[in-house]
Amino acid sequence: MTIGVALPLQNRIDPTVQLAREAHELGLRSAWFGQTFGYDSPSLAAIVGREVPGLHVGTAAIPVFGRHPLLVSSQAQTAQAATGGRYHLGLALGTRHLTETGFGIPYERPIARLREFLTALRLLTETGGADFHGELLTASPPLPASVPGGAEPPVPLLVAAMAPQALRVSGELADGILPLLAGPRALAEHIVPAVTAAAEAAGRPAPRIVAFVPGVVTADVEAVRAAATESLAFYERFPSYQRVIGLSGATRAADLAVIGDEETVAAEVRRYRDAGATEVAFTATDLGGEEDRRRTWKLLGELAVTP
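Report follows, based on the coordinates. The model shown is predicted, which means the values in this text are computed figures rather than measured ones.

To continue, consider the environment of Leu9. With respect to the element layout, Leu9 can be found in the loop between β1 (3-6) and α1 (13-25). A C-alpha to C-alpha distance of 7.5 Å links Leu9 and Gly34, two positions 25 residues apart in sequence. Filtering out sequence-adjacent residues up to four positions away, Leu9 remains in contact with Phe33, Gly34, Thr36, Tyr39 and Leu44.

Right under this line is the structure:
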């Protein structure tokens, strides 16, 4: 994958499949789905990936609180088998508010939980079994936990990591990261060096850096910027995003939205690649309406096939 888009989750399944088909026809390489309290993201990705051959599909990202590695492994392997090896699994720490409000469980020791979750999950997705007994999690299924075709190839494990401890764990145990609202400066100076060093120290390959970037190609920059300011303000409530927005040289989340004409947006994509992103996935491409979304996807598809 090189350039992809995050698809909105407010549509019914058939329109979502049609959007994914349009993205693929325009040359985009991947479609990503968030995980909220609505759609089950791996299931939706499996449907879309099976309906749109050749398109890679991914989850960005499932919180590790309120889930278990055994169940997430089953979901991921099923999606991998359904798509013929084109599924990419993203995990996240989530937030204290969403975890404790939604699941009624304490948001405690998130880094330790992430480490144990990834350790058990890799065993399960690569071997179909595990005998893992950690401080916080146990994954020791008494029956086989493999899905025929679900480990061919093994599901890539990615983490929505941006803070130092999460980057360290991700470099050691995951295949890459999914930073959101991390601008080129934050990527180049903080995120990419940290996760790459952790991977090298663990003897793992260079990690994938899938940068999620809000962006729209539009003629009405002012209106779309106002829409981005309102839409992205949600992230400013959380310290992890406040930190990475600051490291990017910005004060508001909307400052990191890439908004402008084709030349402006193409230049920003190049900046992300120069900063170390191995892949770019645009989000919030519908902020300016359908015409701007199609214009944005057209450009991204052209960039995806440009050497």
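Text resumes after the structure shown.
Within the structure shown, the criterion is met by 15 salt bridges. Salt-bridge contacts for Arg293 lead to Glu22; the nearest nitrogen and oxygen are separated by 3.2 Å. Within this pair, whereas Arg293 is found in helix α11 (residues 290-304), its partner Glu22 is found in helix α1, the two being separated by 271 residues in sequence. Its relative accessible area of 4% is what places Arg293 among the buried residues. As a salt-bridge pair, Glu135 and Arg109 come within 3.3 Å of each other at their nearest N and O atoms. Of this pair, Glu135 sits in the loop between β5 (132-133) and β6 (138-139) while Arg109 is found in the loop between α4 (96-102) and α5 (110-127), placing the two residues 26 residues apart along the sequence.

A complete count under the given rule lists 6 aromatic pairs for this structure. When the centroid spacing of 4.7 Å and the interplanar angle of 35 degrees are considered together, the rings of Phe65 and Tyr107 count as tilted. Highlighted residues: Phe65 in the loop between β3 (56-63) and α3 (69-83) and Tyr107 in the loop between α4 and α5, separated in sequence by 42 residues. In this structure Phe65 comes out as buried when scored by relative accessible area, which is 1%. For Tyr107, a relative accessible area of 12% corresponds to the buried category. Aromatic pair Phe234 and Phe238: ring centres 5.2 Å apart, planes at 70 degrees, arrangement edge-to-face. Through a chain of ring-to-ring contacts, three or more aromatic side chains come together here, namely Phe234, Tyr235, Phe238 and Tyr241.

Further remarks concern the packing of α5 against helix α6 (residues 164-173). Two elements in contact, α5 and α6, have axes whose closest approach is 10 Å; the angle formed by their N-to-C orientations is 15 degrees. Between α5 and α6, the angle falls in the class roughly parallel. Once α5 is placed against α6, the crossing between them reads as right-handed. On α6, the residues touching Ile111, Leu114, Arg115, Leu118, Thr119 and Arg122 of α5 are Gln165, Ala166, Val169, Glu172 and Leu173. Split by residue class, the contact of α5 with α6 holds 6 nonpolar, 2 polar and 3 charged.

The subject of this paragraph is the pairing of β1. Alignment of β1 against strand β11 (residues 279-283), held across 3 bridges, turns out to be parallel. Across the sheet, the residue bridging to Ile3 is Val280, located in β11. Looking at chain direction, β1 and strand β2 (residues 30-33) are connected through 3 bridges and run parallel. Residue Gly4 lies in a different strand from β2, and its bridge partner there is Ser30. Read as a crossover between parallel neighbours, the route from β1 over α1 to β2 is right-handed.

Rules and cut-offs
- Residues numbered from 1 in each chain as written.
- Predicted model: local features only at pLDDT ≥ 70, side-chain atom pairs only at ≥ 80, totals over all residues.
- Heavy atoms only, no water.
- Helix = DSSP H or I, 4+ residues; strand = E, 2+ residues; numbered from the N terminus.
- Contact = heavy atoms within 4.5 Å.
- Salt bridge = Lys/Arg side-chain N within 4 Å of Asp/Glu carboxyl O.
- Buried < 20%, exposed > 50% of the residue type's maximum accessible area, 1.4 Å probe, protein only.
- Phe/Tyr/Trp six-rings, centres within 6.5 Å; stacked < 30°, edge-to-face > 60°.
- Axes fitted to C-alpha atoms, helices over the stretch in contact; angles between N-to-C directions.
- Parallel < 35°, antiparallel > 145°, perpendicular 65-115°, else oblique.
- Left-handed = near helix turned anticlockwise from the far one by under 90°.
- Nonpolar A, V, L, I, M, F, W, Y, C, P; charged D, E, K, R; others polar.
- Pairing = 2+ DSSP bridges.
- Right-handed = clockwise from strand over helix to strand, strands pointing away.

Geometric values such as these leave the question of function open.
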